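Secondary and tertiary structure notes
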Amino acid sequence: QVQLVESGGGLVQAGGSLRLSCAASGGTFRNYAMGWFRQAPNKEREFVAAISRSGVFIQYADSVKGRFTISRDNARSTLYLQMSSLKSEDSAVYSCAANGKGYSIDVVSYDYWGQGIQVTVSS
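Please read all numbers here as calculations on a predicted model, not as lab measurements.

**What to know about the nonpolar core**
Counting 34 residues, the largest nonpolar core has Leu20, Met34, Trp36, Leu79, Leu81, Met83 and Tyr94 as the members making the most contacts within it. For this core, the secondary structure elements donating two or more residues are strand 3 (18-25), strand 4 (33-39), strand 5 (46-51), strand 7 (68-73), strand 8 (78-83), strand 9 (92-99) and strand 11 (117-122). Residues in contact with Leu20, not counting those within four places in the same chain, are Ser7, Gly8, Gly9, Trp36, Leu79, Tyr80, Leu81, Met83, Tyr94, Ile117 and Val119.

This is the structure we're talking about:
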């Protein structure tokens, strides 16, 4: 089993930056494609970004492209999401997820999930 724990969330002003981390344990991190998803109140969970096992292939939601950067450090079993130019619309609970089959934008493709961490962007 894989356990995922997010950190780095909090309150940030619009236009500001924040970096989320996702620490993985209980599995071989490099064998999993990873993704970030978010869910705002009364909304469905949506895809944010995904990264392949090697980190070579990356995909972003249109809403965050150019502002967010996903990366991973396989030596430290950690996934990151660097968020810049934050907007109020980015406010949500952000979750990292692991996918043993390959990177994907689909929620159903992911096998393991962190508990999520709150990101609030004030205007």
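That covers the picture; the talk isn't over yet.
**Points about the sheet that holds strand 8**
Read across the sheet, four strands follow the order 1-3-8-7 without closing on themselves; strand pairing throughout is antiparallel. Strands at the two margins of the open sheet, each flanked by one partner only, are strand 1 (3-7) and strand 7. Strand-to-strand, the axes of this sheet are offset by a mean angle of 15°, without reference to chain direction. Judged from the five bridges that link them, strand 1 and strand 3 form a sheet pairing that is antiparallel. Among the inter-strand pairings, Ser7 is bridged to a residue of strand 3, identified as Ser21.

**Some details on the pairing of strand 11**
With burial as the criterion, only one face of strand 11 is covered, namely that bearing Ile117, Val119 and Val121; the residues Gln118, Thr120 and Ser122 on the opposite face remain uncovered. Note: strand 2 (residues 10-13) against strand 11, four bridges, orientation parallel. Paired with Leu11 across the bridge in strand 11 is Thr120. Bridge analysis of strand 9 against strand 11 gives three bridges, and the strand direction is antiparallel. Paired with Val93 across the bridge in strand 11 is Gln118.

**Topic: the pairing of strand 8**
Both faces of the sheet carry side chains from a regular strand, because those side chains alternate between them. Within strand 8, five of the six residues are buried, leaving the element largely enclosed by the surrounding structure. Relative to strand 8, strand 3 runs antiparallel, the two being bridged by six bridges. Paired with Leu18 across the two strands is Met83, which belongs to strand 8. In the sheet, strand 7 pairs with strand 8 via six bridges, with the strands oriented antiparallel. If you follow Arg72 over to strand 8, its bridge partner there is Leu79. What sits between strand 7 and strand 8 in their antiparallel hairpin is a turn of four residues, with Ser77 showing a positive phi close to 55°.

**Some thoughts on the pattern of salt bridges**
If you walk through the whole model with that rule in mind, you get three salt bridges. A salt bridge links Arg67 to Asp90; its shortest N-O distance comes to 2.7 Å. Residue Arg67 is located in the loop between strand 6 (58-60) and strand 7, and its partner Asp90 is located in the loop between strand 8 and strand 9; the two are separated by 23 residues in the primary sequence. A relative accessible area of 12% means that Arg67 is categorised as buried. Among the charged side chains, a network of salt bridges with common partners joins Arg38, Glu46, Arg67 and Asp90.

**A word on unusual backbone geometry**
The phi torsion at Asn42 lies on the positive side, around 65°, for a residue other than glycine. For Asn42, the location among the structural elements is in the loop between strand 4 and strand 5. Although it is not a glycine, Ser85 sits at a positive phi angle of roughly 50°. Along the chain, Ser85 falls in the loop between strand 8 and strand 9.

Calculation rules
- Residues numbered from 1 in each chain as written.
- Predicted model: local features only at pLDDT ≥ 70, side-chain atom pairs only at ≥ 80, totals over all residues.
- Heavy atoms only, no water.
- Core = buried A, V, L, I, M, F, W, Y, C linked by side-chain atoms within 4.5 Å.
- Buried < 20%, exposed > 50% of the residue type's maximum accessible area, 1.4 Å probe, protein only.
- Helix = DSSP H or I, 4+ residues; strand = E, 2+ residues; numbered from the N terminus.
- Contact = heavy atoms within 4.5 Å.
- Pairing = 2+ DSSP bridges.
- Axes fitted to C-alpha atoms, helices over the stretch in contact; angles between N-to-C directions.
- Salt bridge = Lys/Arg side-chain N within 4 Å of Asp/Glu carboxyl O.

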